[in-house]
Amino acid sequence: MKTILVDAIDGLILKDGTVFESMHELLDGYPNPKLVLTGANDEQFKHYNLDKSPYEVFTLRHNPEKADPKYFEILLDKYNLKPEEVIYFEHNKEAAASADRKSTRLN
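Residues numbered from 1 in each chain as written. Predicted model: local features only at pLDDT ≥ 70, side-chain atom pairs only at ≥ 80, totals over all residues. Heavy atoms only, no water.

Draft legend 1. Spatial organisation of the overall build of the chain. Across its full length, the chain carries four helices and four strands. Mapped in sequence order, the helices and strands of the chain form the string β-α-β-α-β-α-β-α. A total of 107 residues make up the chain; the buried ones form 42% of that total. Here the contacts in the chain between residues at least 6 apart in sequence split such that 56% fall between residues at least 24 apart. Taken as a whole, the chain presents about 6300 Å² of accessible surface, with 50% of it coming from carbon and sulfur. (Helix = DSSP H or I, 4+ residues; strand = E, 2+ residues; numbered from the N terminus. Buried < 20%, exposed > 50% of the residue type's maximum accessible area, 1.4 Å probe, protein only. Contact = heavy atoms within 4.5 Å. Areas by Shrake-Rupley, 256 points an atom, 1.4 Å probe, with all protein chains shown as cover.)

Draft legend 2. Up close: the sheet that holds strand E2 (residues 34-38). If you trace the four strands from one edge of the open sheet to the other, you get E3-E2-E1-E4, paired in parallel fashion. Whereas interior strands pair on both sides, the edge strands pair on one side only; in this sheet they are strand E3 (56-59) and strand E4 (86-89). Averaged over all pairs of adjacent strands, the angle between strand axes in this sheet comes to 25°, irrespective of strand direction. Note: E2 against E3, four bridges, orientation parallel. Residue pairing across strands places Leu37 opposite Phe58, the latter belonging to E3. (Pairing = 2+ DSSP bridges. Axes fitted to C-alpha atoms, helices over the stretch in contact; angles between N-to-C directions.)

Draft legend 3. A look at helix H1 (residues 21-28). The complete set of buried residues in H1 reads Met23, His24 and Leu27. Buried residues in H1, looked at end-on, bunch into an arc of 100°, giving them a common side. On its buried face, H1 sits against strand E1 (3-7), E2 and E4. (Arc of directions from axis to C-beta.)

Draft legend 4. Molecular detail of the environment of Glu85. Along the chain, Glu85 falls in the loop between helix H3 (69-78) and E4. Judged by relative accessible area, Glu85 falls into the partly exposed class, the value being 28%. Sequence spacing of Glu85 and Thr3 is 82 residues, and the spatial spacing of their C-alpha atoms is 6.3 Å. Contacts of Glu85, omitting those with residues within four sequence positions, involve Lys2, Thr3 and Asn80.

Draft legend 5. Up close: the nonpolar core. Counting 14 residues, the largest nonpolar core has Val6, Ile9, Leu12, Leu27, Val36 and Leu50 as the members making the most contacts within it. Apart from residues no more than four positions distant in its own chain, Val6 is found in contact with Leu12, Met23, Leu27, Leu35, Val36, Leu37 and Phe89. Counting eleven residues, the second largest nonpolar core, distinct from the first, contains Leu37, Phe58, Leu76 and Leu81. (Core = buried A, V, L, I, M, F, W, Y, C linked by side-chain atoms within 4.5 Å.)

Right, dumping it as structure tokens:
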């Protein structure tokens, strides 16, 4: 079963810190494990209410950014996942491309 990765800000969490309910309902319709991805630092984590996320949140506090393939290398290693074991919902083209580059290098 694939793990669903979902972008935090403008993905699952709106800029006002509330949950994007349509996305939450969509995600809850699947039994897959879910992880919310962000680069948020501690201040941003609090500002966007990420502690109220309905799923576990993963952040590297902008070190590195999600636009850096190293972010995904660290993520996959931490959760013992392979690129083919995840599905990623991301609104930022650079972060999505970074994940894709990481996937390409691992396969």
